[in-house]
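Examination of the molecular architecture
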Amino acid sequence: MWTISVVVPGETAGLFQLALEPLCVAVAAEIHGPHWRVTGYCDEPPDAVALDTALGVAAAGAGIAPPRPMLAELPATDWLAENRKSFPPVRVGRFYIHRTHHDRPPAGGRIAIRLDASLAFGSGTHASTQGVLVALDALARRRRFRRVLDLGTGSGILAIAAAKLWPARVVATDIEPNSVRMTRENAAANGVMPRIAAHVGSGLRAVPRSSLGPAARFDLVLANIQVRPLTSLAPAIRRRIGPGAHVVLSGLLRADEAEALAAYRAQGLVLAARHPLGDWVTLVMRRLAKA
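Parameters at a glance
- Sequence order sets the numbering: in each chain, residues are counted from 1 along the sequence as written.
- Only residues with pLDDT of at least 70 are given local features in this predicted model, and only at 80 or more are side-chain atom pairs given and counted; all residues enter the totals for whole chains, interfaces and linings.
- As a convention, hydrogens and water are excluded, and side-chain values are obtained from all of the structure's heavy atoms.
- Between any two strands, at least two bridges found by DSSP are needed for them to pair.
- Each helix corresponds to a stretch of at least 4 residues labelled H or I by DSSP, and each strand to a stretch of at least 2 residues labelled E; elements are numbered beginning at the N terminus.
- Angles here are taken between N-to-C directions and fall from 0 to 180 degrees, while the axes themselves are lines fitted to C-alpha atoms, restricted in helices to the stretch in contact.
- Contacts are residue-level and defined by heavy atoms, with any inter-residue pair within 4.5 Å sufficient.
- Each residue gets one of three labels from its accessible area relative to the maximum for its type: buried under 20%, exposed over 50%, partly exposed in between, using a 1.4 Å probe on protein chains only.

1. Some details on the sheet that holds strand E5 (residues 90–92)
The mixed open sheet is built from three strands, whose spatial order is E5-E6-E7. Looking at strand neighbours, the two that pair on one side only are E5 and strand E7 (111–114), the edges of this open sheet. Across the sheet, the mean angle from the axis of one strand to that of its neighbour is 20°, orientation sign disregarded. Pairing analysis gives four bridges linking strand E6 (residues 95–98) to E7, with the strands arranged parallel. Paired with Tyr96 across the strands is Ala112, a residue of E7. Here helix H4 (residues 127–140) sits on the sheet and contacts E5 and E6; the angle it forms with E5, its principal contact strand, is near 45°. Each of E6 and E7 is contacted by helix H5 (residues 157–165), which is oriented at about 145° to E7, the strand it contacts most.

Printed below as a string of structure tokens:
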């Protein structure tokens, strides 16, 4: 087991956690003097180019110089098992997210999601994921969705949440094969695999045209990624949604909100709701019925 550590200003720690998630089996952050130390745990030494790229993107988003990573090898221990034990169940709205070793049933009215994130991002503990779950809970109280797209699915937590809320067909995509594999495994563990189709690929290009039938469009899109890909995907998402559809945008720091709003308003969508959690915000956009 190897660790990657960076020391960064406290207000940017969440951004660097997100940056290290795809490279690590677990990521943690702790106060380190006037700053925070963000530490990722890896099964093997990380690829130097991928690490430099991830830290560079996070630093650009934070407006700081890229921090110097510190790598260290740890003694042989089942750190993944130890890490899983440290995660208690998470309650977000009506959702109850738990690991396999927490098998007690949730309180009445809770929607249980059994999840072992492993190599994939999306354990349910980060504010960006929780913001989408809050948004889904709120949307479910007002309408039903039949065709859902989850871009950057990670562990599949959001796709599974949508499949448990509605009798919907869900398409989930991710650029990481490990994430797609984990999404399928988690969907099977939650009994919703028949309604979730997971594909490897980038953006809307990974979505088969045949996945929803001829000329069918999505009525709900979930995108918990980062501001740059979110803004670049706005035109493609607009082409694949129908009138009245909703788009949930997350992975946004509050400083990113205006940029994301502008990109989707330029495509004729309007802000339907916003869900701030700490330094992060989740936006719910809606395509007007006549747009």
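The rest of the description comes next.
2. Some words on the pairing of E6
With burial as the criterion, each face of E6 is covered, one bearing Phe95 and Ile97 and the other bearing Tyr96 and His98. Here E5 pairs with E6 via three bridges, running antiparallel. Among the inter-strand pairings, Arg91 is bridged to a residue of E6, identified as Tyr96. In this antiparallel pair of consecutive strands, E5 and E6, the connection spans two residues, and Gly93 shows a positive phi of 55°.

3. Structural notes on the sheet that holds strand E1 (residues 2–8)
Taken together, the four strands give an open sheet; going across it, the order is E2-E3-E1-E4, and neighbouring strands pair in antiparallel fashion. Looking along the sheet, the strands with just one partner apiece sit at the ends: strand E2 (26–32) and strand E4 (70–73). Direction aside, the axes of adjacent strands within the sheet are offset by 25° on average. With four bridges connecting them, E1 and E4 associate as antiparallel partners. Directly across from Trp2, in E4, lies its bridge partner Glu73. Of the strands in this sheet, E1, E2 and strand E3 (35–42) are in contact with helix H1 (residues 13–20), which crosses E3 at around 10°.

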